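As a plain string of letters, each chain reads:
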Number of protein chains: 2
Amino acid sequence: MLVLITYDVRTQSAAGQKRLRNIAKQCKNYGQRVQNSVFECLVDPVQFAELRNKLENIMDKEKDSIRYYYLGKNWKNRVEHVGAKEGYDPEGFLML
Amino acid sequence: MLVLITYDVRTQSAAGQKRLRNIAKQCKNYGQRVQNSVFECLVDPVQFAELRNKLENIMDKEKDSIRYYYLGKNWKNRVEHVGAKEGYDPEGFLML
């Protein structure tokens, strides 16, 4: 299934900047960065549970926000990109 | 239908900052801001075509990126929020 992950991290402090880096790093391990704070992760339920657990341990729930969008198996019909940085195919191939 | 709109705008220049403000302003007219560069818009196909047309006229397609995610009618099952700024209900009520 494709899970879209978007986040806002409050980065005024050094601790916030560290959380931001760590959240991005974890997301990179499970998916493709499609915009600055937007990742598309093609994961099975076990992988998603692992990722989610990591992210929610890193984030500060008082300050940061993470949203998950479950795009399911037919995600290709649900995603459209316009402009710079043509989207990545979460299955691993660049869409040219 | 719910359309999720995410964007990255290159803001190094004053023109880029203006594009960013204008894109956010148009999105606000059609939906709810749920994160800094993430809007959820509950729109019919005509409204979505209008919005899309406006955004794509504002953006610089060489520099900026916009992604549309079509979450359909059963979007409530597809969205989950964790942390600060509890999500808005795109139908207009705060989810408390």
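- Chain A is annotated in an unreviewed UniProt entry as CRISPR-associated endoribonuclease Cas2 from Peptoclostridium litorale DSM 5388.
- The UniProt entry for chain A carries the following comment under Sequence similarities (unreviewed entry): "Belongs to the CRISPR-associated endoribonuclease Cas2 protein family."

1. What to know about the UniProt feature "binding site: Mg(2+)" (unreviewed entry) in chain A
- Those places that UniProt annotates as "binding site: Mg(2+)" (unreviewed entry) correspond, in this numbering, to D8(A).
- For D8(A), the location among the structural elements is in strand β1 (residues 2-8).
- Once residues within four sequence positions are removed from consideration, D8(A) is found in contact with D64(A), S65(A), Q35(B), N36(B) and K85(B).

2. A look at the sheet that holds strand β2 (residues 32-35) of chain A
- Pairing is antiparallel across the open sheet formed by five strands, whose spatial order is β2(A)-β3(A)-β1(A)-β4(A)-β5(B). Either end of the sheet is taken by a strand with one partner, and the two such strands are β2 of chain A together with β5 (79-83) of chain B. Taken pair by pair, the neighbouring strands of this sheet meet at an average axis angle of 25 degrees, ignoring direction.
- Bridge count between β1(A) and strand β3 (residues 38-42) of chain A: five bridges; the pairing is antiparallel. Counted as the bridge partner of T6(A) is V38(A) from β3(A).
- The strands touched by helix α1 (residues 14-30) of chain A within the sheet are β1, β2, β3 and β4 (65-72) of chain A, with β3(A) carrying the most contacts at an inclination of about 30 degrees.
- Sheet strands in contact with helix α2 (residues 45-58) of chain A are β1, β3 and β4 of chain A together with β5 of chain B, and its direction is about 170 degrees off that of β4(A).

3. Comments concerning the interface of chain A and chain B
- Across the boundary between the two partners, chain A contributes 34 residues, which contact 34 residues of chain B.
- It is R67(A), R78(A) and V82(A) in chain A that bury the most area against chain B; as a group they hold 25% of the surface buried on that side.
- Applying the counting criterion to the chain A and chain B interface returns four salt bridges.
- For E40(A), the salt bridge goes to R67(B), with nearest N and O atoms at 2.8 Å.
- Here chain A is connected to chain B by 28 residue pairs in polar contact (both at pLDDT 80 or more).
- Those elements that provide at least two residues to the side of chain A that touches chain B are β1, β2, β3, α2, β4 and β5 (79-83) of chain A.
- Considering each element in turn, the side of chain A that touches chain B owes the most residues, eight residues, to β4(A).
- The residue inventory of the side of chain A that touches chain B, partitioned by class, reads 13 nonpolar, nine polar and twelve charged.
- Pairing of β5(A) with strand β4 (residues 65-72) of chain B, which is carried by five bridges, proceeds in the antiparallel orientation. From the neighbouring strand, E80(A) faces β4(B), where its bridge partner is Y68(B).

Rules behind the numbers
Residues numbered from 1 in each chain as written. Chains lettered and ligands numbered in written order. Predicted model: local features only at pLDDT ≥ 70, side-chain atom pairs only at ≥ 80, totals over all residues. Heavy atoms only, no water. UniProt positions renumbered as here; feature names shortened; annotations may be inferred. Helix = DSSP H or I, 4+ residues; strand = E, 2+ residues; numbered from the N terminus. Contact = heavy atoms within 4.5 Å. Pairing = 2+ DSSP bridges. Axes fitted to C-alpha atoms, helices over the stretch in contact; angles between N-to-C directions. Buried area = accessible area lost by both parts, 1.4 Å probe. Salt bridge = Lys/Arg side-chain N within 4 Å of Asp/Glu carboxyl O. Polar contact = N/O pair within 3.5 Å; in protein donor to acceptor, adjacent residues only side chain to side chain. Nonpolar A, V, L, I, M, F, W, Y, C, P; charged D, E, K, R; others polar.

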